[in-house]
Structure formats: C-alpha cells, structure tokens
Amino acid sequence: MATDTKSNDVPAKSKERIALVLGGGAPTLTLMAGALLALDEKGVEFDVISTSGAGMLVGLLYAAAKGGDRRAALRQTVHLGVHDDIYRHFPINYKVFYKPGPLAQLYYQTMMPWVQQLPHETSEQRLYKDLVHLWVTTWSPSDMTANSLGMCAAAPWLEEVVDFDHLKKNFEPEFFINAWNIGARKMEIFDKDSIGADQFRAALAFPLIYPPFEMNGAHFIEGSAMDTLNLEGLLRYDEFYDRAYPRLFKAELAEDWAMTSRLNEHRTAANVAQIAQRVGLAKTVAQARVLEARDAYGADFDEWSRENDTPDDDRDAEFKRVPEIASVLEEQARLRKHINTIDKIIVFDALGTEQLVRRPRNLYDAWVMQMIVPLVSISNQNIELFEQRYDKPQTKKLLHRLKFAEQIGHDEWINVLDWSYSNLNSLFHAGRRAGDAFFDAHEWLQDHVGVLARCGADV
C-alpha cells in the first residue's frame with residue numbers, strides 16, 4: 001500500500017460524526033420539530049439518527065417527508081393541534097387518534113382527502129376545517145368493544161406524510177427505531193433498510209392507546225415504553241464499527257506489509273517515521289471502509305459480522321511486533337467498551353424535562369399525566385446511565401442535551417401537554433429558540449457546519 005497511490009482513495013476524516021437522538025412523548029412533538037428545523041436551517045447534518053415514540057415521526061419527517069420538503073413537513077406539525085375554540089370544550093385530539101377497525105379505515109380513506117383539501121391559513125379557516133374534521137371523525141364507524149386491546153387505529157395517516165422508499169434509497173445517514181417484542185421479551189432495533197409502515201406501527205403501539213401490533217408472527221409495543229430514547233440504536237451502530245475496524249485495518253496493513261516489515265527490522269528514526277505514516281494511512285482508510293461497509297450491508301449487519309468476526313491468525317502476531325501497529329490495536333480494544341464511531345450525540349431533552357410533572361387540571365389531564373410521569377423518570381435514568389457507562393471525560397464530552405425548559409414561560413407549563421393549536425404552535429417556536437440557542441452555545445457544532453460548507457464549496 002504505497003502512500004502515493006492510496007492516499008487519494010479515501011480522504012482523511014474531515015468532520016466529526018454526529019448522532020441525533022429523538023425520544024418519546026407525543027404532545028411535545030412540535031418542540032422536537034422546531035428544534036430540528038432550527039438546526040437544519042443552520043446547516044447541521046447528522047451521521048446517525050436514533051428515534052423512539054413520537055420522535056420517530058419527527059425524525060421521519062426530517063429524513064423522508066412525503067414530497068421531499070423536510071422543512072415544510074416540520075412546520076406542518078403545528079397543524080396536528082385542534083383549534084382552541086374546540087379544544088376548550090372537547091380536549092381530545094381527533095386529528096391524530098382515530099377509531100379502529102376495517103370499516104373505520106375505509107371511511108378514513110374516503111373522507112379525509114376531502115377534509116385535508118380545506119384551507120387552514122387563518123384562524124377562521126382552521127376553525128371551520130377542524131369543525132368539519134370533528135364531524136367526520138364523530139360519524140366514523142368503529143369495532144372497539146370491551147374486549148379490544150386498544151382504543152385507536154394505528155396511524156392511518158402515516159403513508160400520507162412519510163416516504164419509506166426515500167428513506168431506504170436516498171437518505172444517507174443511518175436511521176433507527178425501536179419496538180419491544182412481547183413474546184421474545186426483548187427490544188428489536190430496525191435500521192433504515194428494514195423500516196416500513198409495519199415497523200413504524202409496531203414501534204408506535206403504546207399500551208391502551210394502540211393494541212399490540214402483529215408483525216411476522218410476533219406482537220410488539222412501543223419501544224419508548226421500555227427505552228424512551230433508543231440509545232441502543234447508537235450502540236448497534238457502534239458495534240458494527242468495533243467488529244469491522246480491526247479486520248479492515250489489518251487488511252490495509254497486509255497490502256503493504258513487506259515494506260513495513262523491512263522498515264521495522266531496521267528501526268532508525270527515519271524508518272519509524274515512515275512506519276507511523278503508513279500505519280496512520282491504514283487507520284484512516286480502514287475507518288472510511290468501515291462506514292462504507294455499514295452503508296452497504298445495512299440490515300445484513302448480523303450476518304456480515306458473524307462471517308467476518310474471525311479469530312487472530314498467524315499474521316496478527318507479526319503485526320503486533322510492530323509497536324505502532326500494536327498501539328492502534330490496543331487502543332481499539334479499549335474503545336470497544338465505549339462509543340467510538342460517533343464523536344458527539346445530541347439528545348433532545350423533551351421528556352427529560354421534569355417540569356412536565358405537575359398537578360393535573362382535570363381527569364383527562366390526569367390520564368395524560370399517568371403516561372408522561374413514568375416516561376420522564378425513565379428518560380432521565382437512561383441518560384444518566386448512558387453518561388456513566390459510555391461518556392468521555394468532560395473535556396471531550398460525548399452526550400449533549402438540547403434543553404427546552406428555559407424557552408417555555410412559567411405560565412405555559414400547565415398547558416404543555418395539550419393538543420391545542422396554540423400550545424403546539426407555542427412549543428414549536430420554543431423548540432426553534434432552543435435549537436438556535438444550542439447551536440450558538442456549542443462551538444464544535446459551528447465548526448462542524450463550517451467543515452460541511454468547505455466540503456460543499458470544494459465539490
């Protein structure tokens with residue numbers, strides 16, 4: 001592997017790899033949408049996105065919005081809210097949660113295209129449209145009985161807003177969602193090559209609201225009920241790197257091993273410098289090859305890993321006699337205990353906001369609270385455990401929380417879990433402010449955007 005022939009094949013790593021984590025909590029969906037829009041407008045790009053619960057929808061609108069306009073799709077999330085004049089008397093989001101049953105599905109497909117065509121630019125137009133929407137959903141048939149396992153249909157609107165083919169074929173970053181397999185009693189992580197409408201609905205099946213979703217003979221509930229942030233998706237992404245990198249690094253060394261071995265036999269200062277240069281190039285090339293392999297194999301990760309997770313051979317002993325090579329291999333062995341394929345993780349702290357826990361206003365509000373309170377606790381615990389196990393020293397911090405609390409006024413907290421239009425719109429703008437503030441406060445993120453801009457100019 002001569003440096004003058006391979007150095008141009010794979011460029012050195014020019015930017016930090018950044019992951020985004022979007023957690024559960026449907027009423028705060030527009031907080032996440034606003035923050036993500038703000039970061040997108042700043043030019044931030046992600047290498048991997050791991051989602052659960054409501055964060056799945058926000059992430060998919062960003063990654064694969066129907067029609068291809070991610071920013072418009074994120075802005076449109078505020079229209080999931082019900083007009084305040086209606087919500088004040090009927091605090092149910094009939095625009096998101098629909099009656100279950102095959103007749104209800106047929107009714108929805110027949111009636112909703114007409115409803116969606118109604119204008120909603122002004123408050124008066126939104127009121128009229130939402131009244132029509134309420135009338136249509138009220139008259140919807142339903143097959144729900146006392147023996148039903150859930151109250152609502154599983155997102156009948158999904159295919160209208162998400163393009164799963166685009167996610168698989170055109171979205172470059174990795175993307176993960178999680179769902180809990182009830183029978184197997186384990187979390188299943190789906191990557192972008194395996195995510196479709198069924199996987200989304202399996203990962204959305206929150207108990208009582210939706211029945212367990214049957215897929216491939218198994219039954220699933222929402223992953224965020226067990227892991228609100230799907231940090232496991234990042235571990236899966238990193239696992240591929242940890243398995244693939246040593247083998248690919250040694251494969252790069254093998255191509256130039258004769259020269260490296262001769263230089264090592266006569267370790268002058270000049271020869272050691274050449275060895276370090278060759279090893280450094282092999283490391284850079286191997287890092288890039290790992291990411292190429294991850295993109296190429298996608299859903300076949302487990303099979304690929306088993307085939308290539310081979311024991312040391314005779315050449316490994318030769319490699320390890322070269323101190324520069326041994327140092328790289330020892331470093332990777334240490335890093336297997338940490339996340340090293342990702343440089344920074346941005347966590348949207350929607351459910352980590354303890355101000356969501358408060359005294360309920362009424363019975364319906366109490367019902368919403370009984371779902372949110374445990375999720376807030378689980379979210380905080382997941383972040384703390386993740387920081388303890390995987391985070392780097394403070395000077396090279398891995399996990400960064402994008403916090404929303406300071407962007408929400410004291411008098412607004414009592415309404416934060418409402419599905420009213422005014423609340424969703426207020427949360428969306430609070431999310432945008434939080435996204436702008438996060439970007440301004442983190443120089444490494446500004447540097448990341450600068451590198452992307454320079455790369456784009458070079459192209």
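What comes next is a walk through the structure. (Residues numbered from 1 in each chain as written. Predicted model: local features only at pLDDT ≥ 70, side-chain atom pairs only at ≥ 80, totals over all residues. Heavy atoms only, no water.)

### So, the overall build of the chain
Then step 1. Within the chain one finds 19 helices and eight strands.
Then step 2. By residue count, 52% of the 459 residues in the chain fall in the buried class.
Then step 3. Counting only contacts in the chain whose residues sit at least 6 apart along the sequence, the fraction spanning at least 24 positions is 77%.
Then step 4. Counting every atom, the chain has about 21,500 Å² of accessible surface; 52% of that belongs to carbon and sulfur. (Helix = DSSP H or I, 4+ residues; strand = E, 2+ residues; numbered from the N terminus. Buried < 20%, exposed > 50% of the residue type's maximum accessible area, 1.4 Å probe, protein only. Contact = heavy atoms within 4.5 Å. Areas by Shrake-Rupley, 256 points an atom, 1.4 Å probe, with all protein chains shown as cover.)

### Focus: the environment of Lys99
Then step 1. Examined against the element boundaries, Lys99 turns out to sit in the loop between helix 5 (84-87) and helix 6 (102-116).
Then step 2. Expressed as a C-alpha distance, the spacing of Lys99 and Ser142, which sit 43 residues apart in the sequence, is 5.5 Å.
Then step 3. Within the structure, Lys99 has its side chain in polar contact with the backbone oxygen of Thr138 (distance 2.9 Å).
Then step 4. Polar contacts involving the side chain of Lys99 include one to the main-chain carbonyl oxygen of Ser140, which spans 3.1 Å. (Polar contact = N/O pair within 3.5 Å; in protein donor to acceptor, adjacent residues only side chain to side chain.)

### A closer look at a nonpolar patch on the surface
Then step 1. The grouping of Trp114, Trp135 and Trp139 at the surface amounts to a nonpolar patch, some 430 Å² of accessible area in total.
Then step 2. One can find Trp135 in helix 7 (residues 123-138). (Patch = residues over 30% accessible without salt bridge, like charges linked within 9 Å, V, L, I, M, F, W, Y side chains within 5 Å. Salt bridge = Lys/Arg side-chain N within 4 Å of Asp/Glu carboxyl O.)

### Regarding the packing of aromatic side chains
Then step 1. Summed over all chains, the structure comprises 13 aromatic pairs.
Then step 2. With centroids separated by 5.6 Å and ring planes inclined at 5 degrees, the aromatic side chains of Tyr241 and Tyr245 adopt a geometry described as stacked. Here the residue Tyr241 and the residue Tyr245 both occupy positions in helix 11 (residues 231-255), the gap between them amounting to four residues, near one helical turn.
Then step 3. The buried category is assigned to Tyr241, whose relative accessible area is 4%. (Phe/Tyr/Trp six-rings, centres within 6.5 Å; stacked < 30°, edge-to-face > 60°.)

### Some remarks on the nonpolar core
Soluble globular proteins tend to pack their nonpolar side chains together in the buried interior.
Then step 1. Within the largest apolar cluster, 96 residues are counted, with the highest numbers of intra-cluster contacts made by Phe46, Ile346 and Phe348.
Then step 2. A total of nine residues in this core trace back to one element, the largest contributor, which is helix 3 (residues 54-64).
Then step 3. With sequence-adjacent residues up to four places away left out, Phe46 is seen in contact with Ile18, Ala19, Leu20, Leu36, Leu39, Tyr62, Pro173 and Ile346.
Then step 4. Ranked by size, the runner-up nonpolar core spans 20 residues in total, among them Phe249, Trp257, Val279 and Ile325. (Core = buried A, V, L, I, M, F, W, Y, C linked by side-chain atoms within 4.5 Å.)

### Some points on the packing of helix 6 against helix 7
Then step 1. Helix 7 packs onto helix 6 with a crossing angle of 170 degrees between their chain directions and a minimal axis gap of 10 Å. Put simply, helix 6 runs roughly antiparallel to helix 7. Here Tyr107, Met111, Met112, Trp114, Val115 and Gln116 of helix 6 lie close against helix 7, whose contacting residues are Lys129, Val132, His133, Trp135 and Val136. (Axes fitted to C-alpha atoms, helices over the stretch in contact; angles between N-to-C directions. Parallel < 35°, antiparallel > 145°, perpendicular 65-115°, else oblique.)

### Some words on helix 17 (residues 363-390)
Then step 1. In this model helix 17 runs 41 Å from its N-terminal to its C-terminal C-alpha over 28 residues, within 8% of the 40 Å that 1.5 Å per residue would give.
Then step 2. At Met369, helix 17 shows its maximal kink, close to 30 degrees.
Then step 3. Within helix 17 the residues assigned to the buried category are Asp365, Val368, Met369, Met371, Ile372, Leu375, Val376, Ser379, Asn380, Asn382, Ile383 and Phe386.
Then step 4. Where the residues of helix 17 are buried, they touch helix 11, strand 7 (344-348) and strand 8 (399-402). (Expected span 1.5 Å × (residues − 1). Bend = angle between axes of the 7 residues up to and from the residue.)

### Considerations on the pairing of strand 2 (residues 48-51)
Then step 1. Side chains Val48 and Ser50 of strand 2 all project onto a buried face; the interleaved residues Ile49 and Thr51 project onto the opposite face, where all are buried too.
Then step 2. Taken together, the four bridges between strand 1 (residues 18-22) and strand 2 define a ladder with parallel strand orientation. Across the sheet, residue Leu20 finds its bridge partner in strand 2, namely Ile49.
Then step 3. Note that the unit made of strand 1, helix 2 (residues 29-42) and strand 2 has a crossover that is right-handed.
Then step 4. Summarising the sheet, strand 2 and strand 3 (residues 174-181) pair through three bridges and their orientation is parallel. Residue pairing across strands places Ser50 opposite Phe176, the latter belonging to strand 3. (Pairing = 2+ DSSP bridges. Right-handed = clockwise from strand over helix to strand, strands pointing away.)

### Structural notes on the pairing of strand 3
Then step 1. Burial within strand 3 is extensive, with seven of its eight residues counted as buried.
Then step 2. Note: strand 3 against strand 4 (residues 186-191), six bridges, orientation antiparallel. Of the residues in strand 4, the one forming a bridge with Phe176 is Asp191.
Then step 3. Taking the residues that link successive antiparallel strands as the turn, the strand 3-strand 4 hairpin has four residues, and the phi of Arg185 there is positive, at about 55 degrees.
Then step 4. Strand direction decides the pairing type here: strand 3 and strand 6 (residues 218-222), joined by three bridges, are antiparallel.

### So, unusual backbone geometry
Then step 1. Look at Ala155: it is not a glycine, yet its phi comes out positive at around 45 degrees.
Then step 2. Note on placement: Ala155 falls in the loop between helix 7 and helix 8 (158-161).
Then step 3. We note that Leu208 has phi near 80 degrees; this positive angle belongs to a residue other than glycine.
Then step 4. Here Leu208 shows up in the loop between helix 10 (197-204) and strand 5 (213-215).
Then step 5. Under the relative-accessibility criterion, Leu208 is labelled partly exposed at 44%.

### Here's the deal with the packing of helix 2 against helix 3
Then step 1. Contact geometry for helix 2 and helix 3: axes closest at 9 Å, N-to-C directions at 30 degrees. Between helix 2 and helix 3, the interaxial angle falls into the category roughly parallel. In this structure, helix 2 crosses over helix 3, and the sense of that crossing is right-handed. Taken together, the residues of helix 3 that come into contact with helix 2 (itself represented by Leu29, Met32, Ala33, Leu36 and Asp40) are Ala54, Gly55, Leu57, Val58 and Tyr62.
Then step 2. Residues that form the contact of helix 2 with helix 3 fall into these classes: eight nonpolar, one polar and one charged. (Left-handed = near helix turned anticlockwise from the far one by under 90°. Nonpolar A, V, L, I, M, F, W, Y, C, P; charged D, E, K, R; others polar.)

### Focus: the pattern of salt bridges
Then step 1. Under the defined criterion, the tally for this structure stands at 15 salt bridges.
Then step 2. The residue Arg70 makes a salt bridge to Asp40 at a minimum N-O spacing of 3.0 Å. A residue pair is termed long-range when its members are at least 10 positions apart, and Arg70 in helix 4 (residues 70-75) and Asp40 in helix 2 qualify at 30 residues.
Then step 3. Take Arg70: its relative accessible area is 25%, and that puts it in the partly exposed class.
Then step 4. Exposure remark for Asp40: the relative accessible area of 9% places this residue in the buried category.

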